[in-house]
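# Structural description and commentary
Letter by letter, the chains look like this.
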Amino acid sequence: MSRQGMAAHTQTRIRTDRFADSYALLGRELGRGKFAVVKKCLEKATGREFAAKFLRKRRKGEDCRLDIINEIAVLELAARSPHVVDLHEVYETPAEIVLVLECAAGGEIFQQCVAEQDEAFTEQDVIRLVRQILRGVAFLHQNNVVHLDLKPQNILLTSSSPLGDIRIVDFGLSRRVDAVREVREILGTPEYVAPEVLSYEPISTATDMWSVGVLTYVMLTGESPFLGDTKQETFLNISQVNVQFPPDVFQGISDQAIDFIRSLLVKNPRKRAKAEQCLQHPWLAPGLAPAVELVAPVRAEPEQAPASEGSSGPEEDEEL
Ligand SMILES: Cc1cnc(Nc2ccc(CC#N)cc2)nc1Nc1cc(C2CC2)[nH]n1
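Calculation criteria
The residue numbering used here restarts from 1 in each chain and proceeds along that chain's sequence as written. Where local features are concerned, this predicted model is filtered to residues with pLDDT of at least 70; where side-chain atom pairs are given and counted, the filter is 80 or more; whole-chain, interface and lining totals use all residues. The basis for every side-chain value is the complete set of heavy atoms in the structure, and neither hydrogens nor water enter the calculation. Secondary structure counts use DSSP, requiring at least four H or I residues in a row for a helix and at least two E residues in a row for a strand, with both numbered from the N terminus. Accessibility here uses a 1.4 Å probe with only protein chains present; expressed as a share of the type maximum, an area under 20% marks a residue as buried, one over 50% as exposed, and anything in between as partly exposed. A pair of aromatic rings is counted whenever rings of Phe, Tyr or Trp (Trp by its six-membered ring) have centres within 6.5 Å, and the orientation is called stacked for planes under 30 degrees apart, edge-to-face for over 60 and tilted otherwise. Multiply 1.5 Å by the residue count of a helix minus one, and that product is the helix's expected span. Two residues form a contact once any of their heavy atoms are found within 4.5 Å. The nonpolar core is taken to be a set of buried Ala, Val, Leu, Ile, Met, Phe, Trp, Tyr and Cys residues, with the residues joined through side-chain atoms within 4.5 Å. Comment: arc refers to directions from the helix axis out to C-beta atoms. At least two bridges found by DSSP between two strands is the condition for calling them paired. Where helices are involved, their axes are fitted lines through C-alpha atoms of the stretch in contact, as for all axes, and angles between N-to-C directions lie from 0 to 180°. Contacts described as polar in this section are N or O atom pairs within 3.5 Å, which, within protein, must combine one atom able to donate a hydrogen with one able to accept it, while residues neighboring in sequence count only if both atoms come from side chains. Put simply, angles under 35 degrees are roughly parallel, angles over 145 are roughly antiparallel, angles from 65 to 115 are roughly perpendicular, and the rest are oblique. In this scheme the crossing of two helices becomes right-handed for a clockwise turn of the near helix relative to the far one and left-handed for an anticlockwise turn of less than a right angle. Three categories are distinguished: nonpolar for Ala, Val, Leu, Ile, Met, Phe, Trp, Tyr, Cys and Pro, charged for Asp, Glu, Lys and Arg, and polar for the others, with Gly belonging to the last.

### Some thoughts on the overall build of the protein
In terms of helices and strands, the protein carries nine helices and 13 strands. When each of the 320 residues of the protein is scored for burial, the buried share is 53%.

Listed below in structure tokens is the structure:
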């Protein structure tokens, strides 16, 4: 996968006037990686809140400006999907590029994946959110882009209570799929990375689908299916597709949900379900009887009518 396959230019005007002249930082740090930090900010002219992602151009002595231009190009391409975070403006200084992005106030779904039972997602919540994730991923794949770092930390919510809609973020590792080349370095976050990445085989849209399977497992149970005591153990679990569905962990979760996850945690990328096929799976297909007796109070709002497509609406945590 070549980043060079992405546009080496962007449509977005890259501003060189001072970010601080137009935005006030609100102090609250939203996320941090090795080469980036994300802070909440306020657009002075409108009073609107945004998330400013400060990206260092030089990393390990290398000029990584093109990688950042790649991230901008993907965000521009994905502006038509309501399930991908919106890019508002871009600033550049000698050392950094600043992406001013839509602020998803509900934060990472990761927080609710690991929350106590009463705060955790119900199966109906997960069905609604996974449908939206799949619509966003399907849009990217239809446009020949793979994300390559899909995980609960990179799926945000517009609101956590009441439960809002998802926004896919962080295209720092994204690639075009039509410039296929073996991945030379292991990308993504260990727990969510697909077997073909570990064996340095070509990556494809199927690589993201594996991550969607892991993500769904975590959203339903709060447990990470391949996590071992060491990174090596995790990688071995993944390459052996060593996944279990213990009855106690999956108590109250439908067989259809398990069947959905099994259709994605398949070693052979060619045999893995594609995003469009997933949306037709009985677990997600609308109009079918609810996958489970509604024993848990359903907190989810009725399915939000998806905005028309025309509107914009590796190392753990290092990829910001
Ligand atoms: C309330 C909030 C809480 N936590 C995070 N975490 C987070 C997760 C991934 C990345 C990695 C990235 N990119 C950055 C922050 N983002 C939030 N809102 C955002 C964050 C954003 C844009 C994506 C930055 N909009 N609204």
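Okay, back to it.
### Considerations on the packing of aromatic side chains
Taken as a whole, this structure holds 10 aromatic pairs when the rule is applied. Judged by centre distance (6.2 Å) and plane angle (85°), the ring pair of Tyr23 and Phe50 falls under edge-to-face. With a gap of 27 residues between them, Tyr23 in strand E2 (residues 23-32) and Phe50 in strand E4 (residues 49-56) connect regions that are remote in the sequence. The buried category is assigned to Phe50, whose relative accessible area is 3%. Consider the rings of Phe260 and Trp283, whose centres lie 5.1 Å apart with planes at 45°: the pair is tilted. Taken together, the residues span a long stretch of sequence, with Phe260 in helix H8 (residues 255-262) and Trp283 in the segment after helix H9 (275-279) at a distance of 23 residues. One exposure class covers both Phe260 and Trp283, and it is buried. Every member of this aromatic cluster is reached through a ring pair, and the members are Phe19, Tyr23, Phe50, Phe54 and Tyr91.

### As for helix H2 (residues 65-77)
Between its terminal C-alpha atoms H2 stretches 18 Å, which fits the 18 Å expected from 13 residues at 1.5 Å a residue. Among the residues of H2, Ile68, Ile69, Asn70, Glu71, Ile72, Ala73, Val74, Leu75 and Glu76 are the ones counted as buried. Those residues of H2 that are buried are in contact with strand E1 (14-15), E4, strand E5 (58-59), strand E7 (87-92), strand E8 (96-102) and strand E10 (145-146).

### Some words on the nonpolar core
Grouped together as the largest cluster of nonpolar side chains are 79 residues, with contacts concentrated most on Leu99, Phe121, Leu134, Met219, Phe260 and Trp283. A total of 10 residues in this core trace back to one element, the largest contributor, which is helix H4 (residues 123-142). With sequence-adjacent residues up to four places away left out, Leu99 is seen in contact with Ala51, Ala52, Lys53, Leu55, Glu71, Ile72, Leu75, Leu87, Glu89 and Val90.

### Points about H8
Spacing of three or four residues puts side chains on the same side of an α-helix, whose turn is 3.6 residues. Among the residues of H8, Ala257, Ile258, Phe260 and Ile261 are the ones counted as buried. Down the axis of H8, the buried set is contained in an arc of 155°. They therefore lie on one face. Lining the buried residues of H8 we find H4, helix H6 (205-221) and H9.

### Comments concerning the sheet that holds strand E12 (residues 166-168)
Within a sheet, adjacent strands bond to each other through the backbone by hydrogen bonds, running parallel or antiparallel. With antiparallel pairing, three strands are arranged side by side in an open sheet as E9-E11-E12. The open sheet has two free edges, formed respectively by strand E9 (107-108) and E12, since each of these has just one partner strand. As judged from the two bridges shared by E9 and strand E11 (residues 155-157), these two strands associate in the antiparallel manner. The partner of Gly107 across the bridge, within E11, is Leu157. Contacting E11 and E12, H4 crosses the sheet at an angle of about 30° to E12.

### Examining the side chain of Thr221
Structurally, Thr221 can be placed in helix H6. Polar side-chain contacts of Thr221 include one of 2.8 Å to the backbone oxygen of Tyr217. A polar side-chain atom of Thr221 sits 2.9 Å from the main-chain amide nitrogen of Glu223. Among residues more than four places away in sequence, those in contact with Thr221 are Val249, Phe250 and Ile253.

### What to know about the environment of Thr207
Considering the arrangement of structural elements, one finds Thr207 in helix H6. Since its relative accessible area comes to 4%, Thr207 is described here as buried. Sequence spacing of Thr207 and Ala194 is 13 residues, and the spatial spacing of their C-alpha atoms is 5.7 Å. Not counting residues up to four positions away in its chain, the partners in contact with Thr207 are Leu148, Ala194, Glu196, Val197 and Arg272.

### Points about the packing of H4 against H6
Between H4 and H6, the least distance of the axes is 11 Å, while the angle of their chain directions is 165°. Classified by the interaxial angle, the pair formed by H4 and H6 is roughly antiparallel. Helix-helix and strand crossings are classified by hand; for H4 and H6 the assignment is right-handed. Across the interface between the two elements, Glu123, Val126, Leu129, Val130, Ile133, Leu134, Val137 and His141 of H4 pack against Thr205, Asp208, Met209, Val212, Leu215, Thr216, Met219 and Leu220 of H6. Taken together, the residues that form the contact of H4 with H6 break down as 11 nonpolar, three polar and two charged.

### Considerations on unusual backbone geometry
In the segment running from Ser161 into Pro162, the intervening peptide bond is cis, with an omega of 0°. Structurally, Pro162 can be placed in the loop between E11 and E12. The backbone phi angle of Lys60 is positive, close to 50°, even though this residue is not glycine. For Lys60, the location among the structural elements is in the loop between E5 and strand E6 (62-63).

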